[in-house]
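Here are the chains, one letter per residue:
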Amino acid sequence: EVQLVESGGGLVQTGGSLRLSCAASGFSFDDYIIGWFRQVPGKEREGVSSISSSDGRIYYADSVNGRFTISRDNAKTTVFLQMNSLRPEDTAVYHCAATKRGIPLSDFFWAPDYWGQGTQVSVSS
């Protein structure tokens, strides 16, 4: 059974930090680009960040570049998103997604092969 299970979301004040985790199972983790996209009601899906399986490439959306850091541990089949200097505009449901290798990292979120149910991040002003 394929699973992507997010955790680490919560409620935080402006300027605070959260660390999201995505635990993957049921597929060949090291063959996939892993990333995070976020969803807000009434707005289009936004790709936040992604990381390649082994060659060190990463992608950050302009809106989070310099504040968020993505990493992955292939041995533990887990990906992380460290979020610092959070803003109210970051409030969203954050989903972990897996996309087969061979596409630009920035495109990972358009049609992922797998994604999780998400974790809520709320930033108060």
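Since this is a predicted model, take the numbers as computed values, not measurements.

Caption draft 1: Main features of the overall build of the protein chain. Across its full length, the protein chain holds zero helices and 11 strands. Each helix (α) and strand (β) of the protein chain, taken in turn from the N terminus, gives the series β-β-β-β-β-β-β-β-β-β-β. For 125 residues, the compact-globule formula gives about 14 Å, and the C-alpha radius of gyration of the protein chain, at 13 Å, lands near that figure. In the protein chain, 61% of the contacts between residues at least 6 apart in sequence involve partners at least 24 apart. Surface exposure of the protein chain reaches about 6400 Å², of which carbon and sulfur atoms provide 48%. Side chains of the protein chain give 11 positive and 13 negative charges; the mean places of these two sets differ by 3 Å.

Caption draft 2: Expanded view of the packing of aromatic side chains. Summed over the entire model, instances satisfying the criterion amount to five aromatic pairs. Connected via pairs of aromatic rings, a cluster forms that spans Phe27, Tyr32 and Tyr114. Sitting above the plane of the Phe80 ring, Arg19 keeps its charged end 4.5 Å from the centroid. Here the basic side chain of Arg45 rests over the ring of Phe37, its NZ or CZ set 4.3 Å away from the ring centre.

Caption draft 3: Inspection of unusual backbone geometry at higher detail. A positive phi angle is found at Thr77, which is not glycine, with a value near 45°. Assignment of secondary structure puts Thr77 in the loop between strand 7 (68-73) and strand 8 (78-83). The backbone phi angle of Ser85 is positive, close to 50°, even though this residue is not glycine. Relative to the helices and strands, Ser85 resides in the loop between strand 8 and strand 9 (92-100). Looking at Ser85, the relative accessible area reads 40%, which means it is partly exposed.

Cut-offs used in this document
- Residues numbered from 1 in each chain as written.
- Predicted model: local features only at pLDDT ≥ 70, side-chain atom pairs only at ≥ 80, totals over all residues.
- Heavy atoms only, no water.
- Helix = DSSP H or I, 4+ residues; strand = E, 2+ residues; numbered from the N terminus.
- Rg over C-alpha atoms; globule rule 2.2 N^0.38 Å.
- Contact = heavy atoms within 4.5 Å.
- Areas by Shrake-Rupley, 256 points an atom, 1.4 Å probe, with all protein chains shown as cover.
- Lys, Arg positive; Asp, Glu negative; His and termini not counted.
- Charge placed at Lys NZ, Arg CZ, Asp CG, Glu CD.
- Phe/Tyr/Trp six-rings, centres within 6.5 Å; stacked < 30°, edge-to-face > 60°.
- Lys NZ or Arg CZ within 6 Å of the ring centre and 35° of its normal.
- Buried < 20%, exposed > 50% of the residue type's maximum accessible area, 1.4 Å probe, protein only.

No statement about biological role is implied by the geometric values presented.
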